[in-house]
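# Residue-level structural notes
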Amino acid sequence: MKHFKETLYDAVCQEFRIDKMYFESKTAHQHLMIFHNAQLGRVMTLDGVVQTTEADEFIYHEMLAHVPIFAHGNAKRVLIVGGGDGGMIREVLKHPVEHVTQVEIDQAVVDMAIEYLPNHSNGAYQDPRLNLVIADGFDFVKQYADSNQPSFDVIISDSTDPIGPGEVLFTDNFYAYAKRCLTPNGIMVTQNGVPFFQQDEIQTTYERMGQQFADMHFYCAPIPTYYGGFMTFAWGTDDLTARTRSADDLQEQFDALNLDTRYYNPEIHQAAFALPQYVKRSFKPES
Amino acid sequence: MNNPHPIDARPLITGDDPAAQAHYQKLVAEYGSPLLVLNRRVLQARFKALQAALPEVDLYYAVKAHPDPEIIKIIDQLGGGFDIASAGEMSLLLDHKVSGRRTIHTHPIKKDQEIRDGLRFGATTFVIDNAHELKKLVPYRSRVGVLLRVSFRSASAIVDLSKKFGCAPDEVADLVQQANALGIHVKGLSFHVGSQCNDASKHVEAITRCHALMQEINTTANKPLSVLDIGGGFPADYALQGLDIDAFCAPIRTALAELPKDWHLIAEPGRYLVAPSVTSVTTVAGKSVRNGFRWYYLDDGIYGSYSGQLFDHATYPLQVFRDGERLPSIIAGPTCDSIDVVAENIAMPELEIGDLLIGHQMGAYTAATKTRFNSIPDARLVVVDHPQERPVLSD
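It should be emphasised that the depicted structure is a prediction, and the values quoted were computed from it without experimental measurement.

## Regarding the domain arrangement of chain B
In many reports, interface size means the accessible area that the parts give up when they come together. Residues and elements named next belong to chain B. By domain assignment, chain B separates into domain 1 (12-38 + 275-384) and domain 2 (40-274). Across the contact, 22 residues belong to domain 1 and 21 residues belong to domain 2. Between domain 1 and domain 2, the buried area comes to about 1,700 Å², and carbon and sulfur atoms account for 62% of it. It is L38, P276 and Y365 that lose the most area in domain 1 upon contact with domain 2, and together they represent 28% of the buried surface on that side. Connecting domain 1 to domain 2 are one salt bridge. Close ionic contact of D312 with R271 constitutes a salt bridge, the shortest N to O distance being 2.7 Å. Inspection of the domain 1/domain 2 interface yields nine residue pairs in polar contact (both at pLDDT 80 or more). Among the elements of the structure, β2 (35-39) and β19 (380-384) are those that each provide at least two residues to the side of domain 1 that touches domain 2. In terms of residues, the side of domain 1 that touches domain 2 owes the most to one element, β19, which gives three residues. Here the side of domain 1 that touches domain 2 is built from residues that sort into 16 nonpolar, five polar and one charged.

Structure representation (structure tokens):
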């Protein structure tokens, strides 16, 4: 019987039984595996780290997509960096947005996800509002920032961890260029790791991304296969009202859209910004 | 007058051995010459013998000894781990879908990019031996476990057991403290007594001293040291006198038995495993008589499979399938360089062009250090499952 052992930490690791291997390849960019696990459904790993599973992906994708878009209230243009498995575009395109650009570094991830994780994108790659660009996310925002193309209302960085190809998506320059791709009241959110194990990551992001935004904060959700308790998402915007949308506002939008979510709802939206003390202290030691 | 050709007294097997000769001739007929013949059975037997001799120790094959995909495949099938020292070695393992979880990164000095590559590959155990290297791990402290490499100067032997790497024993406590302050987990110690040891006395001394060091630190440490990596040093039988690995390891077993039962023990064998598993097959491509010496020019030499004679200071036992009067001979490699000589002034029966010359014990640090000089193609590595015992000289 084959098992997959995650390689994130030295002293602890989670192990998955591989019930059926669908795909394994070493692409130019990363080592990709998609296999079936009886408990979690299909599991995708990159470079030995779990990226997404069919069983719990909804928590991650709903929270990284719906929180900034509902908070914005009128998002027309959304940029997704990464997210090649297609889960993020699926959730974003449930909103009445006019345009979504997705920049994914690895065509193989998109191809394999369409073939082996079809429920993630659920047809979203066919949506005419989507412009899929295969490019390095950093290069894309850098060029876009200096172009005269229309800004984005929401930027979602759905990246791997800061070791590997996702590395540049956690740099000062990336946040600076991304900021210049945003509308004045635009919102940027990023995947930011599990602070129980990756305390440094939240601190680094707070210092780097915080330089760009008047309101720099984090919100969180527990995703079972990103084990270690809460995962945090970094939140940056110059719109100081965005983080404190009223429950009524959110409820009205949510009802109007008639979303069939499994994790997100307006109460969760507001509550997600409440952070445990150990998380707060990792970026604001005086908390 | 100085003799420009000191006598080469390495083990030389001569005479008829029809079974062996036919075996190598068949391989050459099929795959060409020169060859490195990897005998899977020998490698498997060696791995199992070392496992049996050190039953409490997890074996991590030192990939540097012979970074060949076929060897990696066999070690992988045997369930062994891998000791890696570079991004190139990681990539080799990745090609064979070996998880980083089964590796330890043992190079004490690393660039930041190498640490990142290591983590991406999935290696989380890193070896360091000084505070500069410790600080490099700070950004990755939540992910890594560190082994401190210690080097001992033996009062009795007056031998520097580890010259290039390793901190002094009296630095260990301080480094552990610094690591603690930086939030980096030191999980244990490692040492290397050097390669090709005659007996295990250095291992035993190092184990005993590490044991004492770790226990002393553990009386106060909040995160106890619990891993001991005893490195390599397990010998190859270059003299063809027979090697009893169980007897060699007996004192190590005794020393390890003194350690707490919950400590995790690791070794990094390379030479012992692969040296006898690979045999070099070369062909006499030319011959001449000069200054009273028979000169034989092979199709492989110092810049190829025999590079270990230069870099590793090894002398490999040779075998020819001829008998007769022993004549002073010089065995040279194929390049134009005069340093490319495999054996100076060796007494050997007369060889003919086309004869095979066999090099035994040629698996470790041989092809690993080959060069591209003269653009001569590498010896091809072929895998066999041959029941034949490796030769042992009887006298």
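## Concerning the interface of chain A and chain B
The interface is formed by 22 residues belonging to chain A together with 22 residues belonging to chain B. Counting the surface chain A buries against chain B, the share from its top three residues, T7, D10 and I163 of chain A, is 37%. For K187 of chain B, the salt bridge identified is with D10 of chain A, shortest N-O distance 2.7 Å. By residue class, the composition of the side of chain A that touches chain B is eight nonpolar, six polar and eight charged.

## Brief notes about the side chain of Q191 of chain A
Relative to the assigned elements, Q191 of chain A resides in strand β11 (residues 182-191). Among the polar contacts made by the side chain of Q191 of chain A, one reaches the main-chain carbonyl oxygen of S159 of chain A at a distance of 3.0 Å.

## Focus: the sheet that holds strand β4 (residues 31-37) of chain A
Residues and elements named next belong to chain A. Read from one edge to the other, the open sheet built from four strands follows the order β3-β4-β5-β6, with strand pairing classed as antiparallel. Only two strands of the sheet have a single neighbouring strand rather than two, namely β3 (20-26) and β6 (49-53). Ignoring strand direction, the axes of neighbouring strands in this sheet form an average angle of 20°. The sheet contact formed by β3 and β4 spans six bridges and is antiparallel. When the sheet's bridge partners are listed, M21 is paired in β4 with F35.

Here is what the cut-offs are and how they apply
Residues numbered from 1 in each chain as written. Chains lettered and ligands numbered in written order. Predicted model: local features only at pLDDT ≥ 70, side-chain atom pairs only at ≥ 80, totals over all residues. Heavy atoms only, no water. Domains from an automatic or database assignment. Contact = heavy atoms within 4.5 Å. Buried area = accessible area lost by both parts, 1.4 Å probe. Salt bridge = Lys/Arg side-chain N within 4 Å of Asp/Glu carboxyl O. Polar contact = N/O pair within 3.5 Å; in protein donor to acceptor, adjacent residues only side chain to side chain. Helix = DSSP H or I, 4+ residues; strand = E, 2+ residues; numbered from the N terminus. Nonpolar A, V, L, I, M, F, W, Y, C, P; charged D, E, K, R; others polar. Pairing = 2+ DSSP bridges. Axes fitted to C-alpha atoms, helices over the stretch in contact; angles between N-to-C directions.

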